[in-house]
Amino acid sequence: MEDIYKIIVSEDKLNRKFKLLTESSLFDPAKNIIENICFLINDQDGNFIKDFQSTGFDARLWEIYLFIFLKENQFEFIEDENRPDFHVKKKDYDFFIEASLSAEKIGEKYSEEFIKESVEKVDLAVQKEITDYYSIRLGSVLFSKLNKKYWELDWVKDKPLVFAITPSHNYMAKFLPDAKLMEYLYGKKIITKETEKGLEHVRTEIVTEHKNDEKVIPSYFFSHPNTENVSAIIFSNNCDLHKFNRMAYEHKLSDKELIIVRSGSKYDDSSPNAPAKDFSYHVEKGRSIEEWNESLTIYHNPNAKFPLDRNIFHNVRQIWINDDGEFDGIMMKNYVFHSITMSAEIK
């Protein structure tokens, strides 16, 4: 695709994040790398640029992220059909990916101002509401995609099908780790305690439902009818403009001189049971630290008709249920659970 920044929608329909990307010098690196990636993407449905500039900005940014993640992992793109979103292949193995997200809603109760106020007041009840709402929103996204029944398409039949989701429904969504999603997918909650030896497993609880106000949804997504047709779920809470900005700045894709500081919580590989550790660093030109894989997880469906091959991804966090019915998986050494980025321009 070319000319993704050539305006084709009316001013009143321009997405505020698109305007931030194109008008703020703080996001000049992100603007450049997104344009570079989009040169490699074909607009399969003819609406990509229109969506990217207006109501579908977050959804199209997620697709851009998935595209570069897959390309960096040496996948080929098969562009024979326009749905699901991706048909990819490595060697003789191919599968499909459908991308989606929990989008912001007009009149959202949990607005940025509402969330910040609850944090300032240390209102734990409201913060629990926000966490519960997180499960409801992601669950709704997955059920919506399930109802599309992509596995019935002739070209998808007998192939692994993966849903890729990211949370974008409110200010807090990308700061929350994936524990609540794991509970929803597998219907299990791991209880741990921190001791001198690190994190110790206390017990595993069965989760039957998730509630927020009057909304109640059943847990254990992978046990529901038709979910056997979904091979795995790809998830990341690290797909925003800051992600692209950091990656681009590290690779010198901007003439701007910026101060970019990233802080957060990451995996501690010093011992098997170590709790997550805090980190903070300055993003520097020419000093490559971050990867596209970094905060992405693949959750394998234990009941899948066509399981996704675990060996086709390299250095990616993966989770599955082993033969003993317990959580198992692969952990990426520098896995980041969540982070926040602050930027300023040097003039």
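Look up a bit, the structure's there.
A brief look at the structure comes next.

About the cut-offs
- Residues numbered from 1 in each chain as written.
- Predicted model: local features only at pLDDT ≥ 70, side-chain atom pairs only at ≥ 80, totals over all residues.
- Heavy atoms only, no water.
- Helix = DSSP H or I, 4+ residues; strand = E, 2+ residues; numbered from the N terminus.
- Buried < 20%, exposed > 50% of the residue type's maximum accessible area, 1.4 Å probe, protein only.
- Contact = heavy atoms within 4.5 Å.
- Pairing = 2+ DSSP bridges.
- Salt bridge = Lys/Arg side-chain N within 4 Å of Asp/Glu carboxyl O.
- Core = buried A, V, L, I, M, F, W, Y, C linked by side-chain atoms within 4.5 Å.
- Axes fitted to C-alpha atoms, helices over the stretch in contact; angles between N-to-C directions.
- Parallel < 35°, antiparallel > 145°, perpendicular 65-115°, else oblique.
- Nonpolar A, V, L, I, M, F, W, Y, C, P; charged D, E, K, R; others polar.
- Patch = residues over 30% accessible without salt bridge, like charges linked within 9 Å, V, L, I, M, F, W, Y side chains within 5 Å.
- Areas by Shrake-Rupley, 256 points an atom, 1.4 Å probe, with all protein chains shown as cover.
- Lys, Arg positive; Asp, Glu negative; His and termini not counted.
- Charge placed at Lys NZ, Arg CZ, Asp CG, Glu CD.

1. With respect to the overall build of the protein
Broken down by element type, the protein carries 8 helices and 15 strands. Here the C-alpha coordinates of the protein stretch approximately 55 × 55 × 40 Å along the principal axes. Within the protein, the proportion of its 347 residues that are buried is 49%. For the protein, restricting intrachain contacts to residue pairs at least 6 apart in sequence, the fraction spanning at least 24 positions comes to 70%.

2. A short note on the pairing of strand E2 (residues 86-90)
In terms of strand pairing, strand E1 (residues 76-77) meets E2 through 2 bridges, oriented antiparallel. Its bridge partner being in E2, Phe77 is matched across the sheet by Val88. Summarising the sheet, E2 and strand E3 (residues 93-102) pair through 5 bridges and their orientation is antiparallel. Paired with Val88 across the two strands is Phe95, which belongs to E3. The turn linking E2 back onto E3 is made up of 2 residues, and Lys91 within it adopts a positive phi angle of 60°.

3. Focus: the pattern of salt bridges
Within the structure shown, the criterion is met by 21 salt bridges. Across the pair Glu183 and Lys180 runs a salt bridge whose closest N-O atoms are separated by 3.1 Å. Here the residue Glu183 and the residue Lys180 both occupy positions in helix H7 (residues 179-186), the gap between them amounting to 3 residues, near one helical turn. No difference in accessibility class separates Glu183 from Lys180, as the two residues are buried. Connected through shared salt-bridge partners, Lys243, Arg246, Arg262, Glu290 and Glu294 make up one network.

4. A word on the nonpolar core
One finds Ile34, Phe52, Phe244 and Phe313 to be the most contacted residues of the largest nonpolar core, which totals 50 residues. In terms of residue count, the dominant contributor to this core is helix H4 (residues 57-72) (10 residues). Ignoring any residue separated from it by four or fewer positions in sequence, one finds Ile34 in contact with Ile4, Tyr5, Leu21, Phe52, Leu61, Ile64, Leu241 and Phe244. Counting 35 residues, the second largest nonpolar core, distinct from the first, contains Phe96, Leu142, Leu146 and Trp151.

5. Re the side chain of His300
The topology assignment puts His300 in strand E12 (residues 296-300). What makes His300 buried here is its relative accessible area of 5%.

6. Focus on the packing of helix H2 (residues 28-38) against helix H8 (residues 241-250)
Put simply, H2 and H8 touch, their axes get as near as 7 Å, and they point 90° apart. Between H2 and H8, the crossing angle belongs to the class labelled roughly perpendicular. Across from Asp28, Pro29, Ala30, Ile33, Ile34 and Ile37 in H2, the residues of H8 making contact are Leu241, Phe244, Asn245, Met247, Ala248 and Tyr249. Considered class by class, the residues forming the contact of H2 with H8 number 10 nonpolar, 1 polar and 1 charged.

7. Section: a negative patch on the surface
On the surface, a cluster of negative charge is contributed by Asp323, Asp324, Glu326 and Asp328. Summarising the element assignment, Asp328 is placed in strand E14 (residues 327-330). With relative accessibility at 34%, the residue Asp328 sits in the partly exposed group.

8. Focus on the pairing of strand E5 (residues 188-195)
Looking along a regular strand, one sees side chains alternate from face to face of the sheet. Relative to strand E6 (residues 198-206), E5 runs antiparallel, the two being bridged by 8 bridges. Residue pairing in the sheet places Glu194 in a bridge with Leu199 of E6. Linking E5 to E6, which pair antiparallel, is a turn of 2 residues.

9. Some thoughts on the sheet that holds strand E15 (residues 336-345)
The sheet built from 3 strands is open, its strands ordered E11-E10-E15 with antiparallel pairing. On the outer flanks of this sheet lie strand E11 (277-283) and E15, each paired with one strand and no other. This sheet shows a mean twist of 15° between the axes of neighbouring strands, independent of strand direction. Of the strands in this sheet, strand E10 (258-266), E11 and E15 touch H8, which is tilted by about 120° from E10.

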